[in-house]
Amino acid sequence: MDDVLYMKEALKEADKAMQNDEVPVGAVIVRNGEIIGRGSNSRLIKGSPLGHAEIEAMQEASNALKNWRFDGCTLYVTLEPCVMCAGALVQSRLETLVFGAKDPKAGAVGSLYNIVQDPRMYHRCIVRSGILKKECAELLRIFFLKRRHRES
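The paragraphs below set out a description of the structure included in this document. (Residues numbered from 1 in each chain as written. Predicted model: local features only at pLDDT ≥ 70, side-chain atom pairs only at ≥ 80, totals over all residues. Heavy atoms only, no water.)

1. Points about the pattern of salt bridges
Stage number 1. Following the criterion strictly, the structure yields 10 salt bridges and no others.
Stage number 2. The salt bridge partner of D3 is R128, with a shortest N-O separation of 2.8 Å. In this pair, D3 is assigned in helix α1 (residues 2–19) and R128 in strand β5 (residues 126–129), connecting sequence segments 125 residues apart.
Stage number 3. Judged by its relative accessible area of 5%, D3 is buried.
Stage number 4. Here E13 makes a salt bridge to K16, at a shortest N to O gap of 3.1 Å. Separated by three residues within a single helix, E13 and K16 lie in helix α1, roughly one turn from each other.
Stage number 5. The buried category is assigned to E13, whose relative accessible area is 4%.
Stage number 6. Take K16: its relative accessible area is 44%, and that puts it in the partly exposed class. (Salt bridge = Lys/Arg side-chain N within 4 Å of Asp/Glu carboxyl O. Helix = DSSP H or I, 4+ residues; strand = E, 2+ residues; numbered from the N terminus. Buried < 20%, exposed > 50% of the residue type's maximum accessible area, 1.4 Å probe, protein only.)

The following block contains the structure:
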């Protein structure tokens, strides 16, 4: 199944973030079966609140397409997008969003809000969730367990 294949690529990006002591979230954007954008969390490295995996992948995909519109594109991300990223997905007219683990504290695609499918918005995304959710959640669990251990 393509969703599993591309989510595994997003997990590779999440692992890159974890290696840099960033929250392990990774994303890839696919169009016509080709990965056109990759991203991993980079807030600490870049010192920017915009350093989310989705935003990084969107920037790379935008450069590849030479366009800000993501018609026909699918974003795969290991964690449910936040409000900022969900808003950016609507702004870019992303066709499909696929995510792994839910984010009950900050998720904006069903957990706290559902920005990408809100009927009041001018664009809505197709959403599939729970793809490799155990693997995605486990990476986050390990990261925060290590962080708590270091801080104690």
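2. Some details on a nonpolar patch on the surface
Stage number 1. Together, V83, L112 and Y113 line one region of the surface with nonpolar side chains, adding up to about 300 Å² of accessible area.
Stage number 2. Following the sequence through the fold, V83 ends up in helix α4 (residues 83–91).
Stage number 3. Using a relative accessible area of 42% as the deciding quantity, one classes V83 as partly exposed. (Patch = residues over 30% accessible without salt bridge, like charges linked within 9 Å, V, L, I, M, F, W, Y side chains within 5 Å. Areas by Shrake-Rupley, 256 points an atom, 1.4 Å probe, with all protein chains shown as cover.)

3. Quick notes on the state of the cysteines
Stage number 1. For the coordinates displayed, the defined rule picks out zero disulfides.
Stage number 2. Free cysteine: C136, not disulfide-bonded; nearest cysteine sulfur from C85 at 15 Å.
Stage number 3. A relative accessible area of 2% places C136 in the buried class. (Disulfide = S-S within 2.5 Å.)

4. Concerning the packing of helix α3 (residues 53–65) against α4
Stage number 1. Between α3 and α4, whose axes approach to 9 Å, the crossing angle comes to 25°. Classified by the angle between their axes, α3 and α4 sit roughly parallel to one another. In this structure, α3 uses E54, I55 and M58 to contact α4, whose residues at the interface are M84, C85, A88 and L89.
Stage number 2. When grouped by side-chain class, the residues that make up the contact of α3 with α4 number six nonpolar, no polar and one charged. (Axes fitted to C-alpha atoms, helices over the stretch in contact; angles between N-to-C directions. Parallel < 35°, antiparallel > 145°, perpendicular 65-115°, else oblique. Contact = heavy atoms within 4.5 Å. Nonpolar A, V, L, I, M, F, W, Y, C, P; charged D, E, K, R; others polar.)

5. Here we look at the sheet that holds strand β2 (residues 34–40)
Stage number 1. If you trace the five strands from one edge of the open sheet to the other, you get β2-β1-β3-β4-β5, paired in mixed fashion. The sheet is open, and its two borders are formed by β2 and β5, each paired with just one other strand. Sheet twist, expressed as the average angle between the axes of neighbouring strands with direction ignored, equals 15°.
Stage number 2. By the bridge criterion, five bridges tie strand β1 (residues 26–31) to strand β3 (residues 73–79) in an arrangement that is antiparallel. Each residue of the ladder has a partner; that of V28, found in β3, is Y76.
Stage number 3. Helix α5 (residues 133–151) contacts β3 and β4 (96–101) of the sheet and is inclined by roughly 60° relative to β4. (Pairing = 2+ DSSP bridges.)

6. Concerning the nonpolar core
Stage number 1. By size, the foremost hydrophobic cluster in this structure holds 43 residues, and its most contacted members are M7, I29, L75, Y76, L94, L97 and V116.
Stage number 2. At the level of elements, α1, β1, α3, β3, α4, β4 and α5 are the ones that each hand at least two residues to this core.
Stage number 3. At six residues, the largest contribution of residues to this core is made by α1. (Core = buried A, V, L, I, M, F, W, Y, C linked by side-chain atoms within 4.5 Å.)

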